[in-house]
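Observations on chain architecture
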Amino acid sequence: MKLRKMKVGQAGTVSGLTTSDTQYRQKLLRMGLTRNAEFVVVRKAPFGGPIEIEVKGSRLVLRSDEADALEVEKK
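These numbers were taken from a predicted model, which means no experiment stands behind them. (Residues numbered from 1 in each chain as written. Predicted model: local features only at pLDDT ≥ 70, side-chain atom pairs only at ≥ 80, totals over all residues. Heavy atoms only, no water.)

Another point: the pairing of strand β1 (residues 11-17). The element β1 is largely enclosed, with a buried count of five among its seven residues. Taken together, the three bridges between β1 and strand β2 (residues 38-44) define a ladder with antiparallel strand orientation. Across the sheet, the residue bridging to glycine 12 is phenylalanine 39, located in β2. For β1 and strand β5 (residues 70-74), the ladder comprises five bridges, and the chain directions are antiparallel. Bridge pairing in β5 links leucine 17 to leucine 70. (Buried < 20%, exposed > 50% of the residue type's maximum accessible area, 1.4 Å probe, protein only. Helix = DSSP H or I, 4+ residues; strand = E, 2+ residues; numbered from the N terminus. Pairing = 2+ DSSP bridges.)

This brings us to the side chain of glutamate 66. Relative to the elements of secondary structure, glutamate 66 occurs in helix α2 (residues 64-68). Glutamate 66 gets classed as buried once you look at its relative accessible area, which sits at 5%. If sequence neighbours within four positions are ignored, glutamate 66 has contacts with Tyr24, Lys27 and Val61. (Contact = heavy atoms within 4.5 Å.)

Evaluated as defined, the whole model comprises nine salt bridges. A salt bridge links glutamate 71 to lysine 2, with the shortest nitrogen-to-oxygen separation between them at 3.2 Å. One end of the pair, glutamate 71, is in strand β5; the other, lysine 2, is in the segment before β1, with 69 residues separating them in the sequence. Here aspartate 65 and arginine 63 are joined by a salt bridge, their closest N and O atoms 3.9 Å apart. We classify arginine 63 as partly exposed; its relative accessible area is 48%. (Salt bridge = Lys/Arg side-chain N within 4 Å of Asp/Glu carboxyl O.)

This next bit is on the sheet that holds strand β4 (residues 58-62). Taken in spatial order, the five strands make up an open sheet running β4-β3-β2-β1-β5, and their pairing is antiparallel. Each end of this open sheet is capped by a strand with a single partner; those strands are β4 and β5. Between one strand axis and the next, the sheet turns through 40° on average, direction left out of account. (Axes fitted to C-alpha atoms, helices over the stretch in contact; angles between N-to-C directions.)

Quick look at the structure:
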């Protein structure tokens, strides 16, 4: 499923990345969004805006296109 479909407070794990852009993929991996990384949705902006998640003790704010590059599973 896509990250933007999750609700605030839900926990999940990263199951993969759907982008073919290698530089962008490396950026996501450096931010800690590796396979099986656990995260919690902290906040979501209205109308498809950015999503804030907590992963590996850090909080990240992802734009919608960045969020769409992640395939996730609910816990």
